[in-house]
There are 2 protein chains.
Amino acid sequence: MGINSNRVEHFSGHTCPENIVTVSTEAMSPLELHRVCLPPPQTTLQKLKHRLSEIFFPDDPLHRFKNQTCFRKLVLGLQFFFPIFQWGPNYSFKLLRSDIIAGLTIASLAIPQGISYAKLANLPPIIGLYSSFVPPLIYSVLGSSRHLAVGPVSIASLVMGTMINEAVSYTEEPILYLQMAFTATFFAGLFHASLGLLRLGFVIDFLSKATLVGFMAGAAVIVSLQQLKGLLGIVHFTTKMQIVPVLASVFSHKDEWSWKTIVMGLSFLVFLLTTRKISMRNPKLFWVSAAAPLTSVILSTLVVSLLRSKAHGISIIGQLPKGLNPPSSNMLYFHGPYLAVAIKTGIVTGILSLTEGIAVGRTFASLKNYQVDGNKEMMAIGLMNMAGSCSSCYVTTGSFSRSAVNYNAGAQTVVSNVILASAVLVTLLFLMPLFYYTPNVILAAIIITAVIGLIDYQAAFQLWKVDKLDFLACLCSFFGVLFISVPLGLAIAVGVSVFKILLHVTRPNTGVLGNIPGTQIYQNLNRYREALRIPKFLILAVESPIYFANSTYLQERILRWVREEEERIAANNESTMKCIILDMTAVTAIDTSGIDTICELRRILEKRSLQLVLANPVGNVMEKLHQSNILESFGLNGLYLTVGEAVADISSQWKAHP
Amino acid sequence: MGINSNRVEHFSGHTCPENIVTVSTEAMSPLELHRVCLPPPQTTLQKLKHRLSEIFFPDDPLHRFKNQTCFRKLVLGLQFFFPIFQWGPNYSFKLLRSDIIAGLTIASLAIPQGISYAKLANLPPIIGLYSSFVPPLIYSVLGSSRHLAVGPVSIASLVMGTMINEAVSYTEEPILYLQMAFTATFFAGLFHASLGLLRLGFVIDFLSKATLVGFMAGAAVIVSLQQLKGLLGIVHFTTKMQIVPVLASVFSHKDEWSWKTIVMGLSFLVFLLTTRKISMRNPKLFWVSAAAPLTSVILSTLVVSLLRSKAHGISIIGQLPKGLNPPSSNMLYFHGPYLAVAIKTGIVTGILSLTEGIAVGRTFASLKNYQVDGNKEMMAIGLMNMAGSCSSCYVTTGSFSRSAVNYNAGAQTVVSNVILASAVLVTLLFLMPLFYYTPNVILAAIIITAVIGLIDYQAAFQLWKVDKLDFLACLCSFFGVLFISVPLGLAIAVGVSVFKILLHVTRPNTGVLGNIPGTQIYQNLNRYREALRIPKFLILAVESPIYFANSTYLQERILRWVREEEERIAANNESTMKCIILDMTAVTAIDTSGIDTICELRRILEKRSLQLVLANPVGNVMEKLHQSNILESFGLNGLYLTVGEAVADISSQWKAHP
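Residues numbered from 1 in each chain as written. Chains lettered and ligands numbered in written order. Predicted model: local features only at pLDDT ≥ 70, side-chain atom pairs only at ≥ 80, totals over all residues.

## Here we look at the overall build of chain A
Link 1 in the chain: Scanning chain A from N- to C-terminus turns up 26 helices and 8 strands.
Link 2 in the chain: In terms of overall dimensions, chain A has a C-alpha envelope of 105 × 65 × 55 Å along the principal axes.
Link 3 in the chain: Within the span of chain A, comprising 658 residues, buried residues form 50% of the whole.
Link 4 in the chain: Sequence-distant contacts, at least 24 apart, represent 80% of the contacts inside chain A between residues at least 6 apart. (Helix = DSSP H or I, 4+ residues; strand = E, 2+ residues; numbered from the N terminus. Buried ≥ 20, exposed ≤ 12 C-beta atoms within 10 Å, placed from the backbone. Contact = placed C-beta atoms within 7 Å.)

Structural data, given as structure tokens:
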């Protein structure tokens, strides 16, 4: 406990000196000084253990296992790894009925979306259906969210399509392209599972809400514009993703525009957007928008097959193979020149799909007041994708739109995913020939309707209102995605978000505190008009850790406060300043450069006959000060528990020894 | 002021309810509630202006110009840009005498060091002398430090040599190599000057002390090992910088070792190290180590020239051209394949030389209690290097070792730099032939002696003692420099330092507070044994801004605190918890994700019939909460100025409406 143990001074009675005119005396209760404590001593190992457990196990995942019998521990362990054991025993017919209704509802949405999103990733449409079959089954065993509807999602499909396409052309080398897609899916799953296993789930927290709002809007704009290919019936289209080549492609191929396609596309787009509007206005009518895609597919297929002799300009899906997912583990690609691209694609789509899956899971969990363990969820999504990559599936995760429909349709457990998979199974086995005449334009309309909801201009406006730098991060990711590329746009936005944290650390707030008369409360003079300066004292609050990145700034800034205070005193003919109190309450950490700064400040101020005193250093700052031996130089009268005690004690000392 | 204006409640009298057993009643003075204020309203433009002035002008560099006459402003402006006008008028013969002594002392050190460091950068020795002539003259006009001794320095020389050599071999293309060196110097100067002009000087603050300690030690080890080439007389030596190829080079060329060179090198190395030891033991004998290099050069040159018939194995400097710096602006290289290398080298050496120059300037300024303006200093160093690149000089800055000698020798102003330049002038004009027989081995010994002081194992030990993560950053930069490369080693160390900041933000401390009996002070229960819990309340302190990067963590962590408190209460049969107070004093900022977290927490806790209350949100947090309209959901009883007032008010409400 070092020098602090000899610091148990008590002085009672009315200690408020007369010269502190601004502290009204009736408010001062009998005062005793409280010493500043060090935190309880810990060895380096204990500290490391505590730190690591806060980093990796902040939610204390094993707390349920404490004080339990062996058998109970086994049951809890099974429930921990396979949540099915948790809800399985209590599963009832009533729950099953709800789940069947919800499952069939999402199936009607998932089948057309699956085909559409596979096209978005430049993959054969059948892959989209495969991906809606195996992953939901695996998730239903491992997943802990009750409302997540699993399958391909728009953003991940889009990003995968773009990134692979930069290396391999899907028209020229379709087999290699497919190999790359499965390999990227495998690495995405590996990435998810390792994050979960290593409990590094917090890396996805670095995609802030601002970044995501901008990113999603940018991606939605790009995807919508790319769908003009299908909507206008253009045959030759760019494979690039940036807004400039896409728009150039649209207008340089005006001769390929097909009026039949355009009429059909626009009418179904209007239909889909109208149903979307209806469901948004009245959430009880969620089934209107949920059923619309399947209705559109059926209607448009009927129209095309009936008018097939007259509908030559309209491109159709064509033959789809019947049957279940073929194994694809032999198509994984672990060597050769494109491995790096596959890994990079896997990681980027992995991050994006994980972010969506976890966010969706958390949202619905909090609506129904249950907990979703992020790291466990990551392992479930990861294993699902690794298994998917061996059974002809591409990246899947919890989709926001389908999970919302699932929730609204009254899903109670993950059994709704099993029902979804069963519906897809029936489709794969028996209904594939029915899609022969489905026009591609309807897939474009479905995609546009799905992604348009990603443009959240209200959230962007809220960002502008509350935090201009967050809005800047949002703009960066929006324009980065539009004009540069998806990974770079994301990287820039993450950079801006991290820069914002660093900026706050590099240029922290400092302010002069004053006493609120009649209390022991010291608050910012600038904010609290009733707060009053205390003559001879300058009380400064530092609102940030003191680190290498701000130690020079803080030293200069504090000296500037002192200079300005001296100028003010000189201008107003007040009594000269004698003591500077640093309120360290918000200095939540300090490093070696920060400690040097404190020493240096003390030395500089001492040369000017000014006393420097610290008030309320927090635990780990106190510890560092102690370890670096600078507490000794502060000695008895340099550390106080509160600003109020510092003012009272130092004033009384001046009174005793003027 | 929104909803806060209707929050001017006063209730006097003894409000402390009986059920708060741990708050001793005699300590509670008559209590009135204080409302939480918003900071004074500011427009976005005002905020931006304030923010920018804090970022770029934290030292308020123009404060001296305020309230001055026009003429006075002109004089101050001249003094601002040319500090010579500040000290010039008061310059006296007495000061001149001190400066002459100091100038001659550093000249005796600078001449051999200049030649040696030029060899370190693989440049002709004469370039080192050129670089000790023009830059000091320019600095003496522009620089604001009185003790900085300007010239080539070891680290920057080493890095420049390595980085250019990776692209251009100095033995095969000496002219191109020289062009690259001057071009890199130009870009280093441009980089310095732009940082100064744009007031971005704080970027060098990101090289923390820990990083620099490790980096310097690593560089010193590498440089010393590289000098084995000269010390052992090896002819064929690697041009790489990593420790492995250097050591391989030393031992694979054993046949080239020359015993004469080794004997001479070792004896002078012992001599130089002994003088260094003497000066370190007794700072008054600084001249012993300051004069030693020149003495060694003279002695060794004499020995070699006298024994020239027998000293065949010893390599010598040879012919050096007489005369002043030739112009080299025609050698700057602004196009072609190597421009990128030159720019990269310029920026890396620029950062390193700037860091050394600014750190040295600040150190001696604080010893003599005067201020050095970092940004102005950067412009001085930048202009000096840009001018240098046009007059056959390579990168120069304030050298730590020579500035220390300058300071100890009693330098009073930058005139000592003029004296240094004059001494170099005389050397260049008349004494060059004397260096003909100077053996290269002596330069190696001088370099080793100079860089060995950069290994600061005491600082490293202090880092270990105070901050393990700082020590890790130090180790990373040490081993990064040794085994990978200088720029990458530096980048890794900066990465670790920034990661440390982010880690603190991502996993901030939280803790339960208790009341110190007899006071209104609430402190961490873990640290203050005398602090007591208040029944029915859980008071939590969050020690960090709430950002996207930690909002999920904090939400989980706070819910875990609540869960643990409930378990504790159940185990001890205490009265149930009803209210959670978040002490926001150290939450110095919040972003949109953070606001969402607070809302979410409030919603979750409300579902469990727990009240969430915020105590003492700081100005900008209050502002953001207000802008996002969530203050309304907190309403009248959700915000308090202090934890004490919150406890007293809420308890009294419970008493009134149980």
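## Focus on the nonpolar core
Link 1 in the chain: Core analysis: the biggest nonpolar cluster contains 369 residues, and A:Ala181, A:Ala219, B:Ala181 and B:Ala219 have the highest contact counts within it.
Link 2 in the chain: With residues near it in sequence (within four places) discarded, B:Ala219 still touches B:Ile155, B:Leu158, B:Leu454, B:Val481 and B:Val486. (Core = buried A, V, L, I, M, F, W, Y, C linked by C-beta atoms within 7 Å.)

## What to know about the pairing of strand β3 (residues 510–515) of chain A
Residues and elements named next belong to chain A.
Link 1 in the chain: Inspection of the sheet shows β3 paired to strand β5 (residues 537–542) by 4 bridges, in the antiparallel sense. Bridge pairing links glycine 511 to alanine 541 in β5.
Link 2 in the chain: When β3 meets strand β4 (residues 522–524), the two strands line up antiparallel, connected through 3 bridges. By the bridge assignment for β4, asparagine 515 is matched with tyrosine 522.
Link 3 in the chain: Here β3 hands over to β4 after 6 residues, with glycine 518 in that stretch at a positive phi of 85°. (Pairing = 2+ DSSP bridges.)

## As for the relation of the copies chain A and chain B
Link 1 in the chain: Least-squares fitting of chain A to chain B yields an RMSD of 0.1 Å, with the superposition described by an axial translation of 0.0 Å and a rotation of 180°. On the angle and the small slide along the axis, the relation comes out as a two-fold axis. For chain A, the smallest separation between a C-alpha atom and the rotation axis is recorded for A:Ala586, amounting to 2.1 Å.
Link 2 in the chain: Same-surface contact between copies: 100% of interface residues of chain A are shared with the interface of chain B. (Least-squares fit on C-alpha atoms with pLDDT ≥ 70 in both.)

## Some points on the sheet that holds β5(A)
All names here are of chain A.
Link 1 in the chain: The mixed open sheet is built from 6 strands, whose spatial order is β4-β3-β5-β6-β7-β8. At either margin of the open sheet sits one strand with a lone partner, and together these are β4 and β8 (639–640).
Link 2 in the chain: Of the strands in this sheet, β3, β5 and β6 (579–583) are in contact with helix α22 (residues 548–572), which crosses β5 at around 150°. (Axes fitted to C-alpha atoms, helices over the stretch in contact; angles between N-to-C directions.)

## Looking at the sheet that holds strand β6 (residues 579–583) of chain B
Link 1 in the chain: The 6 strands lie next to each other as β4-β3-β5-β6-β7-β8 (chain B), forming an open sheet whose pairing is mixed. Sheet topology places β4 (522–524) and β8 (639–640) of chain B at the edges, where each strand pairs with a single neighbour.

## Describing unusual backbone geometry
Link 1 in the chain: The phi angle at A:Arg199 is positive, at roughly 55°, despite the residue not being glycine.
Link 2 in the chain: Mapped onto the secondary structure, A:Arg199 falls in the loop between α8 (174–197) and α9 (209–226).
Link 3 in the chain: Exposure remark for A:Arg199: the 19 C-beta atoms within 10 Å place this residue in the partly exposed category.
Link 4 in the chain: Positive phi outside glycine occurs at B:Ser609, with the angle close to 60°.
Link 5 in the chain: Overall, the presence of 9 C-beta atoms within 10 Å leaves B:Ser609 in the exposed class.

## What to know about the interface of chain A and chain B
Reports often express the size of an interface as the amount of accessible area lost when the parts come together.
Link 1 in the chain: Chain A puts 73 residues into the contact, and the matching count from chain B is 74 residues.
Link 2 in the chain: Secondary-structure elements contributing two or more residues to the side of chain A that touches chain B are α1 (44–56), α9, α19 (457–466), α20 (468–484), α21 (486–506), α22, α23 (592–607) and α24 (619–627) of chain A.
Link 3 in the chain: A class-by-class count of the residues in the side of chain A that touches chain B yields 30 nonpolar, 24 polar and 19 charged. (Nonpolar A, V, L, I, M, F, W, Y, C, P; charged D, E, K, R; others polar.)

## Digging into the confidence of the model for chain A
Residue and element names in this part refer to chain A.
Link 1 in the chain: Averaged over every residue, the pLDDT of chain A is 84; residues scoring 70 or more account for 95%.
Link 2 in the chain: The low-confidence segment residues 1–30, where pLDDT is below 50, has 49 contacts with residues more than four positions distant or belonging to other chains.
Link 3 in the chain: Among the prediction metrics, the complex's ipTM stands at 0.81, with pTM recorded as 0.79. (pLDDT = per-residue confidence, 0-100.)

## Let's talk about the pairing of strand β5 (residues 537–542) of chain B
Residues and elements named next belong to chain B.
Link 1 in the chain: Across the 6 residues of β5, 6 count as buried, placing the element largely inside the fold.
Link 2 in the chain: Side chains Phe537, Ile539 and Ala541 of β5 all project onto a buried face; the interleaved residues Leu538, Leu540 and Val542 project onto the opposite face, where all are buried too.
Link 3 in the chain: Note: β5 against β6, 5 bridges, orientation parallel. Bridging from a neighbouring strand, leucine 538 pairs with isoleucine 580 of β6.

## Re the environment of A:Val270
Link 1 in the chain: Mapped onto the fold, A:Val270 is located in helix α12 (residues 259–281).
Link 2 in the chain: Considering only alpha carbons, one finds A:Val270 and A:Phe286, 16 residues apart in sequence, at a separation of 17 Å.

## Points about the packing of helix α8 (residues 174–197) of chain B against helix α15 (residues 374–389) of chain B
All names here are of chain B.
Link 1 in the chain: Two elements in contact, α8 and α15, have axes whose closest approach is 7 Å; the angle formed by their N-to-C orientations is 155°. When the axis of α8 is compared with that of α15, the two are roughly antiparallel. By crossing handedness, the relation of α8 to α15 is classed as left-handed. Of the residues in α15, those in contact with Phe182, Thr185, Phe186, Ala188, Gly189, Leu190, His192, Ala193, Leu195, Gly196 and Leu197 of α8 are Asn375, Lys376, Met378, Met379, Ile381, Gly382, Leu383, Asn385, Met386, Gly388 and Ser389.
Link 2 in the chain: In terms of residue class, the contact of α8 with α15 is built from 12 nonpolar, 9 polar and 1 charged. (Parallel < 35°, antiparallel > 145°, perpendicular 65-115°, else oblique. Left-handed = near helix turned anticlockwise from the far one by under 90°.)

## Side note on the packing of helix α4 (residues 93–120) of chain A against helix α17 (residues 415–431) of chain A
Residues and elements named next belong to chain A.
Link 1 in the chain: The N-to-C vectors of α4 and α17 enclose an angle of 50°; their axes lie 7 Å apart at closest approach. For the element pair α4 / α17, the angle class is oblique. Where α4 crosses over α17, the two elements pack in a sense that is right-handed. In this structure, α4 contributes Leu96, Asp99, Ile100, Ala102, Gly103, Leu104, Ile106, Ala107, Ala110 and Ile111 to the contact, and α17 contributes Val415, Ser416, Ile419, Leu420, Ala423, Val424 and Thr427.
Link 2 in the chain: Across the contact of α4 with α17, the residue classes break down as 13 nonpolar, 3 polar and 1 charged.

## A look at the environment of B:Ile419
Residues and elements named next belong to chain B.
Link 1 in the chain: Within the fold, isoleucine 419 resides in helix α17 (residues 415–431).
Link 2 in the chain: By the C-beta count within 10 Å, which is 22 here, isoleucine 419 ends up buried.
Link 3 in the chain: Separated by 58 residues in the primary sequence, isoleucine 419 and serine 477 have C-alpha atoms spaced 38 Å apart.

## Considerations on helix α16 (residues 400–408) of chain A
Link 1 in the chain: The element α16(A) is extensively covered by neighbouring structure, given that 8 of its 9 residues are classed as buried.
Link 2 in the chain: Directly beyond the C-terminal end of α16(A), a positive phi value near 90° is found at A:Gly410.

## Overview of the environment of B:Gly189
Residues and elements named next belong to chain B.
Link 1 in the chain: Counting through the fold element by element, glycine 189 comes out in helix α8.
Link 2 in the chain: Using a count of 27 C-beta atoms within 10 Å as the deciding quantity, one classes glycine 189 as buried.
Link 3 in the chain: Each C-alpha atom of the pair glycine 189 and methionine 386 lies 4.9 Å from the other, and the pair is 197 residues apart in sequence.
Link 4 in the chain: Other than its neighbours up to four places away in sequence, glycine 189 contacts Gly382, Leu383, Asn385, Met386 and Ser389.

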